[in-house]
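# Structural description and commentary
Take a look at the letters that make up each chain.
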Amino acid sequence: MQGERLNDGLSVAATGNGAPLVFLAGLGPGADLSQGVPRAMARSARAVALGSGRTVHLINRPIDMPSGTTIARLAGWHAIALRERFGKPVDVMGSSGGGVTALQLAMDHPEVVHRLVISVAASRVSDRGRHDLLRSVEMERRGKSAAWISSGLVAHGLLRVVVAAMYALGAGRQRAPGEVALIEAIQEWDVTARLGEITAPTLVVGGTRDPIVPPALVEATARGIPNARLLLLRGRGHMTTLFDPRVTRATTAFLDGR
């Protein structure tokens, strides 16, 4: 995978062949994609590319995004990057925190978005999601492990135990400022009243066992966007929804106009 430096600290990486699909990832340590693409991020991009037949362009938020940055400002940075890279509207897919940014992007900068896919994201984050994400950051700042709290937001049952163990192994990792800034930004973020402004054809994807964006929020988001499609997977949580093959099939069909 190769990267290309863009403005305001944004970078783009691409993989695969076919029509372009811009992918905005969720929370994570981030990386300067012009220097290298993290292995996990590269695997995700390749999976999306193989499943959709698209060229997937990753856009990462600035890893040093300062505290106090709003979702609107982050979406504005992305809009500049898309205009410079493509010069025309493109399909955009955002998952989790990337879905938050993608929603804001489609509202504030409709001229850059052709089709929109929002996965495990909604017009606001649940009270529990906001509280537990911020609590995790505060615990980590005090040198305490937030593995059990964080794992409960993305997984349930036996998978939660596995994820918690993985998080515990990474204890001590300092979150990048950009990741913390995104968690802070969603605390007051709510664009429910603006959903009707979205003009791009939209697919909204969620799971019925996702505590960050529970089904009521996912359904309300789909209802608020004119003519949006909804895929709600029963029994799936935040993480298992992301990797469900039905999402890939639905996304491919939607982007192909079927």
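Quick notes on the rules
Residues numbered from 1 in each chain as written. Predicted model: local features only at pLDDT ≥ 70, side-chain atom pairs only at ≥ 80, totals over all residues. Heavy atoms only, no water. Helix = DSSP H or I, 4+ residues; strand = E, 2+ residues; numbered from the N terminus. Buried < 20%, exposed > 50% of the residue type's maximum accessible area, 1.4 Å probe, protein only. Contact = heavy atoms within 4.5 Å. Areas by Shrake-Rupley, 256 points an atom, 1.4 Å probe, with all protein chains shown as cover. Core = buried A, V, L, I, M, F, W, Y, C linked by side-chain atoms within 4.5 Å. Axes fitted to C-alpha atoms, helices over the stretch in contact; angles between N-to-C directions. Parallel < 35°, antiparallel > 145°, perpendicular 65-115°, else oblique. Left-handed = near helix turned anticlockwise from the far one by under 90°. Nonpolar A, V, L, I, M, F, W, Y, C, P; charged D, E, K, R; others polar. Expected span 1.5 Å × (residues − 1).

Let us now look at the overall build of the protein. Within the protein one finds 10 helices and 8 strands. For the protein, the residues scored as buried account for 53% of the 258 residues in total. Long-range contacts, defined as pairs at least 24 residues apart, comprise 74% of the intrachain contacts of the protein with a sequence gap of at least 6. Put simply, the protein shows about 11600 Å² of open surface, and 54% of that area lies on carbon and sulfur atoms.

Right, let's talk about the nonpolar core for a bit. Counting residues in hydrophobic clusters, the biggest one holds 52 residues, and the most contacted among them are Leu82, Val92 and Leu116. Per-element accounting of this core gives the leading share, 8 residues, to helix H2 (residues 71–86). For valine 92, the residues in contact, after removing those within four places along its chain, are Leu21, Val22, Leu24, Leu82, Ala102, Leu105, Val113, Arg115, Leu116 and Val117. Counting 17 residues, the second largest nonpolar core, distinct from the first, contains Leu21, Val48, Met93 and Leu231.

Moving on, we get to the packing of helix H4 (residues 127–141) against helix H7 (residues 177–185). One can describe the packing of H4 onto H7 by two numbers: an axis separation of 9 Å at closest approach and a directional angle of 140°. It follows from the interaxial angle that H4 and H7 lie oblique. Crossing of H4 over H7 shows left-handed handedness. On H7, the residues touching Leu133, Leu134, Val137 and Arg141 of H4 are Val180, Ile183 and Glu184. Tallied by class, residues from the contact of H4 with H7 come to 5 nonpolar, no polar and 2 charged.

The next point concerns helix H3 (residues 97–108). With 12 residues, H3 should cover 16 Å at 1.5 Å per step; its first-to-last C-alpha distance of 17 Å lies within 8% of that length. Most of H3 is tucked away, with 11 of its 12 residues classed as buried. If you check which residues of H3 are buried, you get Gly97, Gly98, Gly99, Val100, Thr101, Ala102, Leu103, Gln104, Leu105, Ala106 and Met107.

Time to look at H4. Taking 1.5 Å of rise per residue, the 15 residues of H4 would be expected to cover 21 Å, and the 21 Å separating its terminal C-alpha atoms lies within 8% of that figure. Taken together, the buried positions of H4 are occupied by Gly129, Arg130, Asp132, Leu133, Ser136, Val137 and Met139. Here the buried face of H4 lies against helix H5 (147–154) and H7. Glycine 143, located one to two residues past H4, shows a positive phi value of around 80°.

To continue, consider the packing of H5 against helix H6 (residues 158–169). With their axes 8 Å apart at the nearest point, H5 and H6 run at an angle of 135° to one another. The angle between the axes of H5 and H6 places the two elements in the oblique class. Between H5 and H6 lies a crossing of right-handed hand. Every residue of H6 that contacts H5 at Ala147, Trp148, Ile149, Ser150, Ser151, Gly152 and Val154 is listed here: Arg160, Val161, Val163, Ala164, Tyr167 and Ala168. Looking at the contact of H5 with H6 residue by residue, the class counts come to 9 nonpolar, 3 polar and 1 charged.

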